[in-house]
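Residue-level listing of the chains:
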Amino acid sequence: MPRLSAAQRHPVRFRLNGEAVEGIAEPRMLLADFIRHELGRTGTHVGCEHGVCGACTVSIDGTMARSCLTLAAQVEGCEVRTVEGLAPEPGRLSVLQAAFRRHHALQCGFCTAGILMSLDVYLRAHPAPTEPEIREVLSGHLCRCTGYAPIVRAAMDAAAELSLSTRQEDVRYV
Amino acid sequence: MGLTATMTSSARSGPWIGRSPERVEDAALLTGNGRFIDDLGVRPGTLHAAILRSPHAHADILTIDTAAARAAPGVAAVVIGPDVKALTASLVVGVKAPVECWPIAVDRVRYVGEPVAVVVASDRYKAEDALDLIEVRYAPRPSVIDPLAAIAADAPILHDGFPHNVASDRRFRYGDPEAAFAAASHRIAIDIVYPRNSCTPIETYGVVAEYSVSDDAYDILANFQGPFSIHAVISRALKLPGNRVRLRTPPDSGGSFGVKQGVFPYIVLIAAAARIAGRPVKWIEDRLEHLCASSSATNRATTLAAAVDDEGRVLALDWDQVEDCGAHLRAPEPATLYRMHGNLTGAYDIRHMSVRNRVIVTNKTPTGLNRGFGGPQVYFALERLMQRIAVELDIDPLDVIRRNLVPGNAFPYRTASGALLDSGDYAETIELGAREGGLDELKARRAAARAEGRLYGIGYTAVVEPSVSNMGYLSTVLTPAERRRAGPKNGAQATATVSIDPVGAVSVHVASVPQGQGHRTVLAQVIADVFGVAPQDVRVNTEIDTAKDAWSIASGNYSSRFAAAVAGTAKLAADRIAVRLRRIAASHLNVEASEVAFGNGKVFSRDNPDNAMPFARLAALSHWSPGSLPDAAGQTIRETVFWTPEQLAAPDDADRINSSLCHGFIFDICGVEIDRATGEVRIDRYVTAHDCGTILHPGMVDGQIRGGFGQGFGAALLEEFAYGADGSFLTGTFADYLLPTSTELPEPVIVHMQTPSPFTPLGAKGVGEGNCMSTPVCIANAVADALGEKNIVLPLVPARIRALIAGEEPPAPVGGMTAPRAKKPGGRGLEGEGSADVGAPPQAVWDMLLDPATLQAVIPGCHGVEKISDTHFRAEVTLGIGPVKGRYRAEVKLFDLDAPRAVTLSGTADGALGYGAGEGRITLTPRDDGGTTVSYTYDAEIGGKVASIGGRLLDGAARVIIGQFFAALARHAGGGAPAAGAAGGLSGWLRRLFGGAR
Ligand code: FES
Ligand code: FES
């Protein structure tokens, strides 16, 4: 990793939702701020800035991560995915997103992007989850509106649909 | 899957109201295309604000030195109290008293977190950098945290205009309570302490403000939620008429639950900062600011007594409520106390009542709207009392509830204090809830559990859920004479506009400012039913712009008024247009207007549906061919309706007030099992039966119930804004202020009954707040039943339950010298003791401890030690405690020197992140091997940000730092090692806090 100077702004380059992106950041800039305010992808939200609420969750090289506890400079060269990359194409929803809508798994929607990212990462590795496992994954997220039950149902429903679906790849991936 | 929600007309039969179509809001929110306040662009050149806040609960501000901050890179302005005072007027205070209320401290701070300075800079990072450069000197005053302590004779006074810290003291009398108490065979009473908590939306406050010198006007964007009566407070504070204060809301808001009403002081503050800076200014609150200083529900101390007959019938109530509104009485407080005034008899037929209401100020964050608003506090007392009546008279608690209910044939029913309960059949809802919720089975489980010696309890609550507040209820705080002078206040104006464009497309605008409740979806359903079109063809806008939209003081999203008032008003507006459309259609279809029907996108003759024309064509005629319309049909382009229910009258001279228009009914049952060993409360089953009148969208109603239940569950078991005895705020992160997560929050069993309200256009009542009122006390009643306990204090954290089961915990065993002693109760004071072995004789160690050069080398993070005298040192150190790393200036003085055996140190530390003061004693004992055992005890008080967000870590951190000190001392002396155990579980703590998944 190159040595960065605290007093200077440095270029940061990585892939965001499959697309090469670049911006300039002070070494201390948080990844969440960088994605939102430098790159203009505001779907990722910030609810606490101390790693508890999970609203800022993104996928970095296939692993879920808190973008409020990650510096922009740390993702140099990485593959980052955010909520904007979940839908297969503009005007369509992924299986998971559609399940959220069907089950009323969101109200204000402020927590939702982070939850979708965690579930997306988790379901890729665990296509047949149990409800306690889903609840365990969701325990890293705070939602003040829904009481979680519809989120759990949406996740279980999406998992079932994805495991049935031969279209899984073309529905879910960018 | 297409983006358009599945609301197609082909599948429909019957009305859209009462069905659960997918929400029109969701596609944008699910794809990252929501438009929350921090997602919107700002004008080029917009500056960013950061706020310096008080670390003290109560102190005079002696000086504020902003010179270094002003000179910092990127800083455009530094704003302090007197600057704001020069540009604004005091915020309106909710009672008549010679008291001022500013959005930033002027001369004195009265709660931890009160704004002291605002830095405005080119970006937020630079603004926060500059905060660290501001030097404030405070002279701390004694503080008071507890409302009952605040009214004691010798309590410190917050405001001279509130003698004894009492902002208001009113007594009310309805019926003949004295006679009822004298005649009753029992007087049963309960004392309640209801804690402080908040529904903490996941999106924090945000404001973007701009001042135009040429227009002498402010343009403000804020995720404010209403009520828009506050707009008058804002414009008054900004010293401009309301038409020069344009307030807009963003399209999306990340939850509010009442809390975002409390953004208004920051609207004034940021507007003033923008005027001073001469540029637009944006401020997004961070989570610490939100938890410590945004707003909160009130905490309340209540004594409630009932006159009861032998059958458990309540003949009279005697309320004594002491309401804690925090450091300032901000509008609309003391509304929390008066919102329930008409409903103080709950679901019960009680004709006699006396009430004493005191409103108190303490050194805590000022309070404001919060879901349930006054309901949790009232019902906790009332429903705990009903449970106590059952226990003391040995009657089944559910029978006590049943025997006191307002009878089903009594509606509309006028309560003793003036509420008009609109409709319901409470007894029927209870039977339904008990049956469908499986009460018999729960009772069997309780019997089985108890037979095995397990702790199992069942709790009940019956709650009337008021909705659609009367804007006049707050004037009940005034005496009838004061009210006559002030002029009448009442009603609840709702507004809605329906418009049709030149191609016949329908739009709706309401001033309801949703924060996730799906208003747009429901309005599309309601209007689609009127015009016979598909919901997705109706576009709904719920943003508000006070410069352009129809609005009034009752606008906004609070008191669960959407379904009952706003949706109904939208229907009235659409109905007006529909009447005209019928008349126009009649002339085109050659039928009577009464024959005209709407459906499937067409307007047709009811008798002959083939005689039809497309809705869009008919609807557009008013644009294209007004001259061809029948005489007096009127335009069909745009209709705005203002609707206020006549039932919402001003309080009468006997202080009777119909505080709300609608009254839903909730009956809850909760079965809990308590783990004897851990004190953990597990909800076995939670049943909540609702009668909220006509249900417009069942999916959303259940969503509101589940969400409210989650917050009620949190209030019962986890959440409290905790303060130290000195007023330090202790719960500044979501790792300290615990919210329910998916692993502990169960799903309630929801049961519905629908008794339409006769007072609302659609028959709907509010439903969003009920479980915040019913759930905390229902869980408490279940725990009381399980433990056979009277004094139940929320939140029911395991430690509290354990204390109830087994008495206070024994002190932790003193396993070694490094074991910390038990902390002082309630404080974030630190105490500890320990020892270390150093490989040098006592005299050598003694000399090292008194030598600045040695100290500088061995104190962790030390930048320098200055020797002021032989017994006075000054040091600069950087310490990291949990997430907060900062530089502190320490002063240490030595006393009781007993060379080379013992010394007492006393000192203070001060820095941007907090302050501390403490005392310690070090004892040196020679060892057989020629070395020295250094033993120490310490006792310190910590305040400021470090206490708010590092509180859990302080003990561990102190031990680590002291351990490092002695390790370094030992190294310096050449040998030895500190006694083990100091660093203990800190890395575990840090992992838990910052390791990703919680
Ligand atoms: S904002 Fe990152 S976890 Fe809350
Ligand atoms: S939907 Fe509002 S916080 Fe989760």
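These numbers were taken from a predicted model, which means no experiment stands behind them. (Residues numbered from 1 in each chain as written. Chains lettered and ligands numbered in written order. Predicted model: local features only at pLDDT ≥ 70, side-chain atom pairs only at ≥ 80, totals over all residues. Heavy atoms only, no water.)

1. Quick word on the domain arrangement of chain A
All names here are of chain A.
And then number 1: As far as domains go, chain A holds domain 1 (10–85) and domain 2 (95–173).
And then number 2: Taken as a group, Met 64, Arg 81 and Val 83 account for 38% of the area that domain 1 buries against domain 2, more than any other trio of residues on that side.
And then number 3: At the surface where domain 1 touches domain 2, the tally comes to one salt bridge.
And then number 4: Summed over the shared surface of domain 1 and domain 2, the result is five residue pairs in polar contact (both at pLDDT 80 or more).
And then number 5: When the residues that make up the side of domain 1 that touches domain 2 are grouped by side-chain class, the tally is seven nonpolar, nine polar and two charged. (Domains from an automatic or database assignment. Buried area = accessible area lost by both parts, 1.4 Å probe. Salt bridge = Lys/Arg side-chain N within 4 Å of Asp/Glu carboxyl O. Polar contact = N/O pair within 3.5 Å; in protein donor to acceptor, adjacent residues only side chain to side chain. Nonpolar A, V, L, I, M, F, W, Y, C, P; charged D, E, K, R; others polar.)

2. Some points on the packing of helix H11 (residues 375–393) of chain B against helix H20 (residues 770–787) of chain B
Residues and elements named next belong to chain B.
And then number 1: Between H11 and H20, whose axes approach to 8 Å, the crossing angle comes to 30°. Here H11 lies roughly parallel to H20, going by the angle between them. Our pair here, H11 against H20, has a crossing hand that is right-handed. Residues Gly 375, Pro 376, Tyr 379, Phe 380, Glu 383, Arg 384 and Gln 387 of H11 form the contact with H20, whose participating residues are Cys 772, Met 773, Pro 776, Val 777, Ala 780, Asn 781, Ala 784 and Asp 785. (Axes fitted to C-alpha atoms, helices over the stretch in contact; angles between N-to-C directions. Helix = DSSP H or I, 4+ residues; strand = E, 2+ residues; numbered from the N terminus. Parallel < 35°, antiparallel > 145°, perpendicular 65-115°, else oblique. Left-handed = near helix turned anticlockwise from the far one by under 90°. Contact = heavy atoms within 4.5 Å.)

3. Topic: unusual backbone geometry
Peptide bonds are mostly trans, and most non-glycine residues show a negative phi.
And then number 1: Following Ala 331 of chain B, the chain continues into Pro 332 of chain B via a peptide bond in cis, with omega recorded as 0°.
And then number 2: Looking at where Pro 332 of chain B falls in the secondary structure, it is placed in the loop between strand S14 (314–324) and helix H10 (335–338).
And then number 3: The linkage connecting Phe 411 of chain B with the following residue, Pro 412 of chain B, adopts the cis geometry, with an omega of -5°.
And then number 4: By the element assignment, Pro 412 of chain B lies in the loop between helix H12 (397–404) and strand S16 (413–414).
And then number 5: The phi torsion at His 104 of chain A lies on the positive side, around 50°, for a residue other than glycine.
And then number 6: Mapped onto the secondary structure, His 104 of chain A falls in the loop between helix H2 (95–102) and helix H3 (112–125).
And then number 7: Look at Asp 394 of chain B: it is not a glycine, yet its phi comes out positive at around 55°.
And then number 8: Residue classification places Asp 394 of chain B among the exposed positions, given a relative accessible area of 71%. (Buried < 20%, exposed > 50% of the residue type's maximum accessible area, 1.4 Å probe, protein only.)

4. A few points about the side chain of Ser 559 of chain B
Residues and elements named next belong to chain B.
And then number 1: Here Ser 559 lies in the loop between strand S21 (538–541) and helix H17 (562–589).
And then number 2: For Ser 559, a relative accessible area of 7% gives the class buried.
And then number 3: Of the polar contacts made by the side chain of Ser 559, one reaches the backbone nitrogen of Ser 469; its length is 3.0 Å.
And then number 4: Ignoring any residue separated from it by four or fewer positions in sequence, one finds Ser 559 in contact with Arg 339, Ser 467, Val 468, Ser 469 and Glu 769.

5. Some remarks on the nonpolar core
And then number 1: In terms of nonpolar packing, the biggest core is built from 263 residues, with Phe 100 of chain A together with Val 207, Ile 220, Leu 317, Trp 319 and Ile 389 of chain B touching the most fellow members.
And then number 2: Element by element, the count of residues in this core is highest for helix H24 (residues 945–973) of chain B, at twelve residues.
And then number 3: Apart from residues lying up to four places away in sequence, Phe 100 of chain A is in contact with Ala 105, Leu 106, Thr 112, Ile 115, Leu 116, Leu 119, Ile 151 and Ala 154 of chain A together with Leu 30 of chain B.
And then number 4: Grouped together as the second largest cluster of nonpolar side chains are 58 residues, Val 530, Ile 577, Met 613 and Val 641 of chain B included. (Core = buried A, V, L, I, M, F, W, Y, C linked by side-chain atoms within 4.5 Å.)

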